[in-house]
Amino acid sequence: MRIDVVTLFPEMFQGFLEGSLLGAAQAAGLVDIRLTNIRDFAQGPHRQVDDKPYGGGPGMLLMPGPVVECVESVLADAPPSLAASKPHVLMLTPAGRPLTQELVEELARHDRLVLLCGRYEGFDQRVTDTLKPEAISIGDYVLSGGEVAAMVVIEAVTRLIPGVLGDAASADDDSFSGVDRLVEGPQYTRPREFRGLRVPEVLLSGDHRRIADWRREQALSATQRRDRSPVGSDSDLP
Ligand code: JBB
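Residues numbered from 1 in each chain as written. Predicted model: local features only at pLDDT ≥ 70, side-chain atom pairs only at ≥ 80, totals over all residues. Heavy atoms only, no water.

Undergrad: Where do I start with helix H6 (residues 147-158) in this structure?
TA: With 12 residues, H6 extends 16 Å between its outermost C-alpha atoms, agreeing within 8% with the 16 Å of an ideal straight helix rising 1.5 Å per residue. Summarising burial for H6: 9 of the 12 residues are buried, a large majority. (Helix = DSSP H or I, 4+ residues; strand = E, 2+ residues; numbered from the N terminus. Expected span 1.5 Å × (residues − 1). Buried < 20%, exposed > 50% of the residue type's maximum accessible area, 1.4 Å probe, protein only.)

Okay, structure coming up:
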């Protein structure tokens with residue numbers, strides 16, 4: 001998979017991309033992640049990328065010219081191996097579609113993603129009108145820019161690419177990954193007793209059926225407690 005990030009702050013991604021999981025995935029050729037600076041597409045001696053909103057209001061907006069030209073330049077770079085793949089352009093914005101594991105799985109099916117990161121108070125509307133990106137939000141809280149949100153998308157998507165996780169690890173055991181999207185219940189490792197707290201007997205029983213049933217029950221309770229319950233209602237919560 002090829003992922004292009006369009007940002008004013010490419011240096012924010014350096015440590016993240018060099019880190020163990022993504023560093024190894026890139027070295028193995030499983031994913032190719034590239035950074036392009038919007039500032040490189042700005043005009044004039046000041047290389048201006050932002051300006052005041054028409055009609056007044058606080059803060060600054062990203063100008064359409066540098067952003068659209070930056071994304072178009074990224075899209076024009078299609079190596080032969082990706083010539084047949086239509087890039088999927090994403091914009092990180094609080095007004096976007098909420099990121100869920102289901103959306104992550106959808107994104108992971110694309111061969112090529114372009115992640116557009118905003119700053120300031122957001123983008124001039126003509127960025128959206130021209131590029132028609134899929135708008136995505138990682139949650140209802142305020143960020144100063146789309147970069148951290150883009151890293152969340154990259155981490156969630158790339159770990160679904162076959163080979164990115166170690167051989168032993170499997171993404172389908174994780175929280176949100178089953179058909180019913182449950183979170184995982186409690187898990188235990190050694191010692192069998194810690195400060196008087198014992199590992200549940202069932203996990204030591206060797207009875208795989210009972211263990212699977214117990215885990216399923218724990219996952220259902222944990223999911224209900226989180227108020228994302230796919231079954232039942234809030235009324236029976238503690
Ligand atoms: C960003 C959080 C802000 O506040 C807005 C807005 C829209 C688009 C982009 C931005 C700035 S970057 S991404 C997630 C903040 O409506």
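Undergrad: Would you mind going over the side chain of Glu-147 with me for this structure?
TA: Secondary-structure assignment places Glu-147 in helix H6. Note on Glu-147: relative accessible area 0%, which makes it buried. Among all residues touching Glu-147, those that are not within four sequence positions of it are Thr-7, Leu-8, Phe-9, Met-12, Phe-13, Cys-117, Gly-118 and Arg-119. (Contact = heavy atoms within 4.5 Å.)

Undergrad: So what exactly am I meant to see when it comes to the environment of Ala-171 here?
TA: For Ala-171, the position within the fold is in the loop between H6 and strand E8 (193-194). Sequence spacing of Ala-171 and Leu-160 is 11 residues, and the spatial spacing of their C-alpha atoms is 6.5 Å. In this structure, Ala-171 is in contact with Arg-159, Leu-160, Leu-165 and Ser-177, ignoring residues within four places of it in sequence.

Undergrad: Looking at this structure, how should I read a nonpolar patch on the surface?
TA: Side chains of Met-12, Tyr-141, Leu-143, Val-148 and Val-152 sit close together on the surface and give an oily, nonpolar patch of about 410 Å² of accessible area. Examined against the element boundaries, Val-152 turns out to sit in helix H6. (Patch = residues over 30% accessible without salt bridge, like charges linked within 9 Å, V, L, I, M, F, W, Y side chains within 5 Å. Areas by Shrake-Rupley, 256 points an atom, 1.4 Å probe, with all protein chains shown as cover. Salt bridge = Lys/Arg side-chain N within 4 Å of Asp/Glu carboxyl O.)

Undergrad: How do you make sense of the side chain of Ser-85 when you look at a structure like this?
TA: Assignment of secondary structure puts Ser-85 in the loop between helix H3 (64-76) and strand E5 (88-98). In terms of polar contacts, Ser-85 uses its side chain to reach the side chain of Asp-111, at 3.1 Å. (Polar contact = N/O pair within 3.5 Å; in protein donor to acceptor, adjacent residues only side chain to side chain.)

Undergrad: Any chance you could explain the site of the ligand here in plain terms?
TA: The environment of the ligand is formed by Leu-92, Thr-93, Pro-94, Gly-118, Arg-119, Tyr-120, Glu-121, Gly-122, Leu-143, Gly-145 and Gly-146. Relative to its unbound accessible area of 400 Å², the ligand is 75% covered by the protein chains. Counting atoms within 2 Å of the grid points, the majority share of the ligand lands in the largest pocket. Tallied by class, residues from the shell around the ligand come to 4 nonpolar, 5 polar and 2 charged. (Near = heavy atom within 4 Å. 1 Å grid on protein atoms, 1.4 Å probe; cavity = no way out; pocket = protein on both sides within 12 Å on 5 of 7 lines; lining within 4 Å. Sits in = over half its atoms within 2 Å of the grid points. Nonpolar A, V, L, I, M, F, W, Y, C, P; charged D, E, K, R; others polar.)

Undergrad: What should I look at first to understand the pairing of strand E6 (residues 112-117) in this one?
TA: Regular strands place their side chains on alternate faces of the sheet. With 6 of 6 residues buried, E6 lies mostly within the body of the structure. Burial of the side chains of E6 extends over both faces: Arg-112, Val-114 and Leu-116 are buried on one face and Leu-113, Leu-115 and Cys-117 on the other. Bridge count for strand E1 (residues 2-7) against E6 is 5 bridges, and the pairing is parallel. Opposite Arg-2, over in E6, you have Arg-112 as the bridge partner. In terms of strand pairing, E5 meets E6 through 5 bridges, oriented parallel. (Pairing = 2+ DSSP bridges.)

Undergrad: How should I be thinking about the environment of Pro-10 in this particular structure?
TA: Looking at the secondary structure, you find Pro-10 in the loop between E1 and helix H1 (14-18). Sequence separation between Pro-10 and Asp-213 is 203 residues, and the spatial gap between their C-alpha atoms is 47 Å. Residues in contact with Pro-10, not counting those within four places in the same chain, are Leu-35 and Asn-37.

Undergrad: Looking at this model, I keep getting lost on the sheet that holds strand E2 (residues 32-37). Mind explaining?
TA: By way of backbone hydrogen bonds, the strands of a sheet pair with one another, either parallel or antiparallel. Sheet architecture is open: 5 strands sit in the order E2-E1-E6-E5-E7, paired in parallel fashion. What marks the edges here is a single partner per strand, and that holds for E2 and strand E7 (134-137). Here the average twist between neighbouring strands, direction ignored, is 30 degrees. (Axes fitted to C-alpha atoms, helices over the stretch in contact; angles between N-to-C directions.)

Undergrad: Looking at this structure, I do not really get unusual backbone geometry. What am I missing?
TA: Leave glycine aside and you will find that most residues have negative phi; peptide bonds, for their part, are mostly trans. The residue after Arg-190, namely Pro-191, is reached through a cis peptide bond having omega 5 degrees. Locating Pro-191 in the fold gives a position in the loop between H6 and E8. With phi around 75 degrees, Phe-176 is a residue other than glycine that occupies positive phi space. Tracing the sequence through the fold places Phe-176 in the loop between H6 and E8. Given the relative accessible area of 27%, Phe-176 is considered partly exposed. A positive phi angle, near 60 degrees, is found at Arg-181, a position not held by glycine.

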